[in-house]
Every structure is written in C-alpha cells, then in structure tokens.
Amino acid sequence: MRLPAQIRTHARPAPSHGTLRLPTAEKPRRFLFLLLDRFTMIAFASAIEPLRLANQVSGQKLYDWKLLSEDGHDVACSNGTVMRVDAGLGAVGRDDTVLVCGGIDVAESTSKAVLGWLRREARQGAAVGGLCTGAWSVAKAGLLDGRRATIHWENQDSFAEDFDEIQLTQSVFVIDGNRLTTAGGTASIDLMLRLIAGDHGEALANTIADQLIYNSIRTDRDTQRLSIPTRIGVRHPKLAQVIARMETHIEEPVSPATLAEGVNMSTRQLERLFRRYLGRSPKRYYMEIRLQKARNLLMQTEMSVINVALACGFASPSHFSKCYRAQYHTTPYRERGASAPLGEPEPVAEACDLPDEI
C-alpha cells in the first residue's frame, strides 16, 4: 500500500524530541537493535515492523536498521526462535539510535562488554534506549541517571531498588532527551509510531497503525497496566480504592480497620465486600499482593531475604518464611536456588497470622 500523494513524506525539517536528533528524509534514519540472550520477541517485533511499514507505505527508504549481538553470533529469544544478526558490537553513527532488546534474566545477559559499548556510543552522541527489560541494561550503564524511564510492571519493584536515582514511571514508554525506554510487549509500537510521527507526520504514523490493526495509539501519558476494576473483573469504586491503597502501602501495611475507614465502611462491611467479589478476606488479599512483590524482589535482585521481608512489610523473617511457603510451596531461600548464606540462617517458620491462612 502507498500513501496518497498529499501525505507522502518529503524532505523537511523534523521536530525535535528534546535533544534527540531526527534526520531528514534524504538520509534514512538508522536503528541498531542489540539483541541480548533470551530477548523478548514481541517487544522487538513491535519495534521493527513499524519501520518496515513506514518504508513500504511511503514508497521511500525512510528507515534502515541492523541487528547486533555482543559477539556477532546468532541469538535465541525467550521463545526459542534463533535470530540471525548482522554484526557484533562496533562503531555507531551520531545520528543512529541504539535499542537494547532485553528479556529473561537481563542482568545475566548484560556483560561488561555490552555496558562499556553502550557508554562509549552514548558519549559519541548516539541516542540509546531499552525495549522491555533492555531498560535495565541502559540503566546499569548509567545512561538513565537523573532521567525519567519505564520498564515492564513486573520488573518495576526490582528496578526501583537497583536504580533509585532514576525517576521510574508507569508509562508505556518514555522519551527523555535522547534516552528511550518502553514497558515491553506492544508498547514498542507506541514508541515507534511516536518517533515516526515526529519524523514524518501524524498521517504516516496513523496509516501504519491501520496497517497493524492498531486502533488506539497510546502516548507517554498512558499507563501500562490495566485499571484495577479491569484487572479484578469487578467494577466497585470502594473495592478499587482499597486495593489501590494496598498496592501503594507494601512496606508499611495499613490495618483493615484503617482501610475500611478510608472508604467510609466498617471493617465487617469491608470483609463482606472482599469475600463477595474476590472470595477472600481483605487481609489475605493484601498478603498475596505483598508476597508477589517479595517474589519479584527475590528473583530479580540481590537483596537479602531479610531485607526483602522488611521491604514487603514483614517484621519477622520467620513469619515471612511461613507465609511464603504457604503461598508458593517453597521457602524464600530455595526460590533463589540457594541455601541461606552465612550470618543469615533460614528462620524457623512461625504461624502465619491470617484468619484464612494461605
């Protein structure tokens, strides 16, 4: 498909996104995708397909791209598909945009060589970004310090612990100067459509969205997670308010009485509300939220088990261990595939004080 003549792109000054340089149509803008081991296919494909369609529907080579790996060898993504790459790490042009494609166990896939290369190319003026967990690699290289950024919601807890100098957001994507990050999944489509619109106009971006059967282009003001009513399948404003408060008070849990008072209900009424719609007590639901965060921290950070317990509102390591075992059928230490380190013995489990124990 070609664009009608009146909306085909022509060489013209392109608007700027902060300090991000946008080449004109005479010179294709080049993207370099660094594929890390076990990268996420959907985040990568959602980024490269809009570029291909931009060339196709405009009838011009507006964009060029290359696939890189650390050693120049083919890379397997998280679903097992092997991707052929064009080159290893090398020199990058000042007008190029480097996008790190991350996925599973991104810390293990981000080597010193990768970090050094990212820092070097950023110093030369290249724009650098991370797709999905690739944001972790960019942050580890120190390229997001003092900036706004985003990452997949499942990795937000660990990211916040690792990089407290970064302003983490819930947005589907963030463009801060010449640094770009996405939340993963189809958020890459939204980022690329935003860049294409900035380079060559909204008409081209909208046409590409139509080609992708993508009928709702999100902006950097859209958040990545579904609303609480949508997530739980219940549209009850007071229930949503209580759950929202639970999710923002993990380290210092709020009592059921205080939660009920905040929505002008009695504790008994709140109990009935949760049991009617969610089949569990408020206390148990709250515990499940805290344990999910604990699991994320255990699996994605190097925080000690004791510190994870404290970060999730458990004053007693033994109580944390008991509740964790009840929920996940393993101990916090075994979750990491390791025994307790010296000086941090695995606690003797005590009773979990929930009225309907998990």
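Since the model is a prediction, treat every value here as computed from it, not as a measurement.

This paragraph deals with the overall build of the chain. Tallying secondary structure elements over the chain gives 15 helices and 10 strands in all. Relative to its 358 residues, the chain shows a buried fraction of 49%. Put simply, the chain shows about 16700 Å² of open surface, and 48% of that area lies on carbon and sulfur atoms.

Let us now look at a negative patch on the surface. A cluster of acidic side chains, namely Asp145, Glu161, Asp162, Asp164, Glu165, Glu251, Glu252 and Glu302, defines a negative patch on the protein surface. Structurally, Glu165 is set in the loop between α5 (156–162) and β8 (167–168).

Turning our attention to the pairing of strand β2 (residues 63–68). Bridging between strand β1 (residues 29–35) and β2 involves six bridges; their strand directions are parallel. Residue pairing in the sheet places Phe31 in a bridge with Trp65 of β2. As a crossover connection, the stretch from β1 through helix α1 (residues 41–58) into β2 is right-handed.

Attention shifts here to the nonpolar core. Grouped together as the largest cluster of nonpolar side chains are 42 residues, with contacts concentrated most on Phe33, Leu35 and Phe44. Listing elements by their share of this core, those giving two or more residues are β1, α1, β2, β5 (97–101), β6 (127–131), β9 (173–176), α6 (187–200) and α7 (202–211). With 37 residues, the next largest nonpolar core counts Ile228, Leu270, Leu291 and Leu298 among its residues.

This brings us to the sheet that holds β5. Sheet strands pair via backbone hydrogen bonds, and the direction of the pair is either parallel or antiparallel. The six strands are arranged β2-β1-β5-β6-β10-β9 in an open sheet whose pairing can be described as mixed. The sheet terminates laterally at β2 and β9, the two strands that pair on one side only. Along the sheet, successive strands turn relative to each other by an average axial angle of 15 degrees, direction set aside. This element, helix α3 (residues 112–123), spans β1, β2, β5, β6 and β10 (179–182) of the sheet and lies at about 160 degrees to β5. Taken strand by strand, α6 contacts β1, β2, β5, β6, β9 and β10, and its axis lies near 40 degrees from that of β9.

A separate point is the packing of helix α9 (residues 237–248) against helix α11 (residues 267–278). Two numbers describe how α9 lies on α11: the axes approach to 11 Å, and their chain directions differ by 95 degrees. Classified by the interaxial angle, the pair formed by α9 and α11 is roughly perpendicular. Contact with α9, carried on its side by Leu239, Val242, Ile243 and Met246, involves Leu270, Leu273, Phe274, Tyr277 and Leu278 of α11 and no other residues of that element. Across the contact of α9 with α11, the residue classes break down as nine nonpolar, no polar and no charged.

Another point: the confidence of the model for the chain. Residues at a pLDDT of 70 or more form 86% of the chain, whose mean pLDDT is 86. Note that residues 1–24 has pLDDT below 50 and, in this model, 60 contacts with residues that lie over four places away or in other chains. Segment residues 339–351: pLDDT under 50, and 26 contacts once partners within four positions in sequence are set aside and those in other chains are kept.

For the rest of this paragraph, the subject is the pattern of salt bridges. For the coordinates displayed, the defined rule picks out 14 salt bridges. A salt bridge links Arg52 to Glu49, with the nearest nitrogen and oxygen atoms 2.8 Å apart. Residue Arg52 and its partner Glu49 are located together in helix α1, separated by three residues, close to a single helical turn. On the basis of relative accessibility, which here comes to 28%, the residue Glu49 falls in the partly exposed class.

Quick look at the pairing of β10 now. Of the two faces of β10, both are covered, the one formed by Arg179 and Thr181 as well as the one formed by Leu180 and Thr182. Relative to β10, β6 is paired through three bridges, and the arrangement is parallel. Bridging across to β10, Gly129 finds its partner in Leu180. Across four bridges, the pairing between β9 and β10 is antiparallel.

Turning our eyes to something else, we now look at the packing of aromatic side chains. Any two aromatic rings considered together are summarised by their centre-to-centre distance and by the angle between their planes. Enumeration according to the criterion identifies 10 aromatic pairs in this entry. Look at Phe33 and Phe44: their rings are 5.5 Å apart centre to centre, the planes differ by 85 degrees, and that puts the pair in the edge-to-face class. Of the two residues, Phe33 is situated in strand β1 and Phe44 in helix α1; the sequence distance between them amounts to 11 residues. Like Phe44, Phe33 is buried. Their ring planes at 65 degrees and their centres at 5.8 Å tell us that Phe274 and Tyr285 sit as a pair that is edge-to-face. Here the residue Phe274 occupies a position in helix α11, and Tyr285 occupies one in helix α12 (residues 282–300), the gap between them amounting to 11 residues. Comparing Phe274 with Tyr285, the two get one shared label, buried. By the ring-pair criterion, three or more aromatic residues cluster together here, those being Phe31, Phe33, Phe39, Phe44 and Tyr63.

Scoring rules and cut-offs
Residues numbered from 1 in each chain as written. Predicted model: local features only at pLDDT ≥ 70, side-chain atom pairs only at ≥ 80, totals over all residues. Heavy atoms only, no water. Helix = DSSP H or I, 4+ residues; strand = E, 2+ residues; numbered from the N terminus. Buried < 20%, exposed > 50% of the residue type's maximum accessible area, 1.4 Å probe, protein only. Areas by Shrake-Rupley, 256 points an atom, 1.4 Å probe, with all protein chains shown as cover. Patch = residues over 30% accessible without salt bridge, like charges linked within 9 Å, V, L, I, M, F, W, Y side chains within 5 Å. Salt bridge = Lys/Arg side-chain N within 4 Å of Asp/Glu carboxyl O. Lys, Arg positive; Asp, Glu negative; His and termini not counted. Charge placed at Lys NZ, Arg CZ, Asp CG, Glu CD. Pairing = 2+ DSSP bridges. Right-handed = clockwise from strand over helix to strand, strands pointing away. Core = buried A, V, L, I, M, F, W, Y, C linked by side-chain atoms within 4.5 Å. Axes fitted to C-alpha atoms, helices over the stretch in contact; angles between N-to-C directions. Contact = heavy atoms within 4.5 Å. Parallel < 35°, antiparallel > 145°, perpendicular 65-115°, else oblique. Nonpolar A, V, L, I, M, F, W, Y, C, P; charged D, E, K, R; others polar. pLDDT = per-residue confidence, 0-100. Phe/Tyr/Trp six-rings, centres within 6.5 Å; stacked < 30°, edge-to-face > 60°.

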